[in-house]
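The chain contents come next:
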Amino acid sequence: MIFSEETARKIADCLLQVKAIKIQPSNPFTWASGWRSPIYCDNRVTLSHPEVRTIIKDSLVALIREKYSNANLIAGVATAGIAQGALVAEALNLPFVYVRPEPKKHGMGRQVEGEVKAGQRAVVIEDLISTGKSSLNALPPLRQEGCEIIGTAATFSYGFEVAEDSFKKSGCLLYTLSDYEALLSVALEKKLIQAHELETLREWRKNPESWGSELGITN
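Right, let's walk through the structure included here. Model, not experiment: these values are computed from the prediction.

### Here we look at the overall build of the protein chain
Along its length, the protein chain carries nine helices and 10 strands. A compact globule built from 219 residues should have a C-alpha radius of gyration of about 17 Å, and the protein chain, at 18 Å, falls within 12% of that. Structurally, the protein chain occupies a C-alpha span of about 55 × 35 × 30 Å along its principal axes. Per-residue burial over the protein chain gives 47% buried out of 219 residues. Taking the intrachain contacts of the protein chain between residues at least 6 apart in sequence as the baseline, contacts between residues at least 24 apart amount to 64%.

Set out below in structure tokens:
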């Protein structure tokens, strides 16, 4: 779910302005998963732009205050959710921890970095929701530390059905600042894409894992 239509459009505009999101239907990207995609999102770019970074932080803070008002811990998902998560925690004057993809192989072998107290109510911060796997993988380690997960807040979501289903099954609420539909709307308004490209872009989201092969696109 998006936080609000107004916020979704504002954040989409910001991500496009700083080229954190690039749209190239005629010259697709290859993701690490091997998927061919007409869009590439790297929200880490926003950290280099103070104005945009602050807009995202303030929007996440507003989201948490409205949707997760009883939170008393902010948890970032490594690595992309760490920086913005720490900024949000600072603004809310709340403790911050982050969750590694897997436990460290040395030292204390921790997966959750920072001090966690049993009974804390955590909001998980993520920059991007694609399949949702990395965000959902952060939940069990937090729960093992005694945390109650009250929800996830992310900057952007592709809106894949697999992610929506996974979050529903996990019982974890998910709110995002912006999403794919808001992005396409803003991009079209700003003439960053053409009307005839919308069908291609929407078809990709329906079946992203096989989109390139269906169109005869190869690496």
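### Some points on the pairing of strand β6 (residues 96-99)
The alternating pattern of β6 places Val97 and Val99 on a buried face, while none of Phe96 and Tyr98, on the opposite face, is buried. Pairing geometry for strand β5 (residues 73-77) and β6, over four bridges, is parallel. The partner of Ala75 across the bridge, within β6, is Val97. After leaving β5, the chain enters helix α3 (residues 80-92) and then returns to the sheet as β6, a path that is right-handed. The pairing of β6 with strand β7 (residues 112-113) spans two bridges and is classified as antiparallel. Note on β7: the bridge partner recorded for Val99 is Val112.

### Brief notes about the packing of aromatic side chains
What the rule picks out here adds up to 12 aromatic pairs. Aromatic side chains Trp31 and Phe160 sit 6.4 Å apart centroid to centroid with 50 degrees between the ring planes, which places their arrangement in the tilted category. Taken together, the residues span a long stretch of sequence, with Trp31 in the loop between β2 (29-30) and β3 (36-37) and Phe160 in the loop between β9 (148-157) and α6 (161-170) at a distance of 129 residues. Note on Phe156 and Tyr158: the rings are 5.7 Å apart at their centroids and 90 degrees apart in plane angle, and the pair reads as edge-to-face. Grouping residues by exposure puts Phe156 and Tyr158 together as buried.

### As for the environment of Ala195
In this fold, Ala195 is placed in the loop between α7 (180-189) and α8 (198-206). Residue classification places Ala195 among the exposed positions, given a relative accessible area of 56%. Residues Ala195 and Glu5, 190 residues apart in the sequence, show an inter-C-alpha distance of 21 Å.

### A word on the environment of Glu5
Here Glu5 shows up in helix α1 (residues 5-17). In this structure Glu5 comes out as exposed when scored by relative accessible area, which is 57%. Along the primary structure Glu5 and Asp165 are separated by 160 residues, whereas in three dimensions their C-alpha atoms are 22 Å apart.

### Re the packing of helix α2 (residues 50-67) against α3
Direction vectors running N to C along α2 and α3 enclose 60 degrees, while the axes themselves pass 9 Å from each other. Relative to α3, the element α2 is oriented oblique. Relative to α3, α2 is oriented so that their crossing is right-handed. Residues Arg53, Ile56, Lys57, Leu60, Val61, Ile64 and Arg65 of α2 touch α3, and the partners they reach there are Gln84, Leu87, Val88, Ala91 and Leu92. In terms of residue class, the contact of α2 with α3 is built from eight nonpolar, one polar and three charged.

### Regarding the nonpolar core
Residues Ile21, Ile23, Ile64, Val123, Tyr158 and Leu183 are the most contacted members of the largest nonpolar core, which totals 47 residues. With seven residues, α2 is the single largest residue contributor to this core. Here Tyr158 is in contact with Trp31, Ile39, Tyr40, Cys41, Leu128, Ile129, Ser130, Tyr180, Trp204 and Arg205, once residues within four sequence places are set aside. Core analysis: the next-biggest nonpolar cluster, separate from the first, contains 21 residues, Leu73, Val97, Ala122 and Leu174 among them.

Definitions and limits used
Residues numbered from 1 in each chain as written. Predicted model: local features only at pLDDT ≥ 70, side-chain atom pairs only at ≥ 80, totals over all residues. Heavy atoms only, no water. Helix = DSSP H or I, 4+ residues; strand = E, 2+ residues; numbered from the N terminus. Rg over C-alpha atoms; globule rule 2.2 N^0.38 Å. Buried < 20%, exposed > 50% of the residue type's maximum accessible area, 1.4 Å probe, protein only. Contact = heavy atoms within 4.5 Å. Pairing = 2+ DSSP bridges. Right-handed = clockwise from strand over helix to strand, strands pointing away. Phe/Tyr/Trp six-rings, centres within 6.5 Å; stacked < 30°, edge-to-face > 60°. Axes fitted to C-alpha atoms, helices over the stretch in contact; angles between N-to-C directions. Parallel < 35°, antiparallel > 145°, perpendicular 65-115°, else oblique. Left-handed = near helix turned anticlockwise from the far one by under 90°. Nonpolar A, V, L, I, M, F, W, Y, C, P; charged D, E, K, R; others polar. Core = buried A, V, L, I, M, F, W, Y, C linked by side-chain atoms within 4.5 Å.

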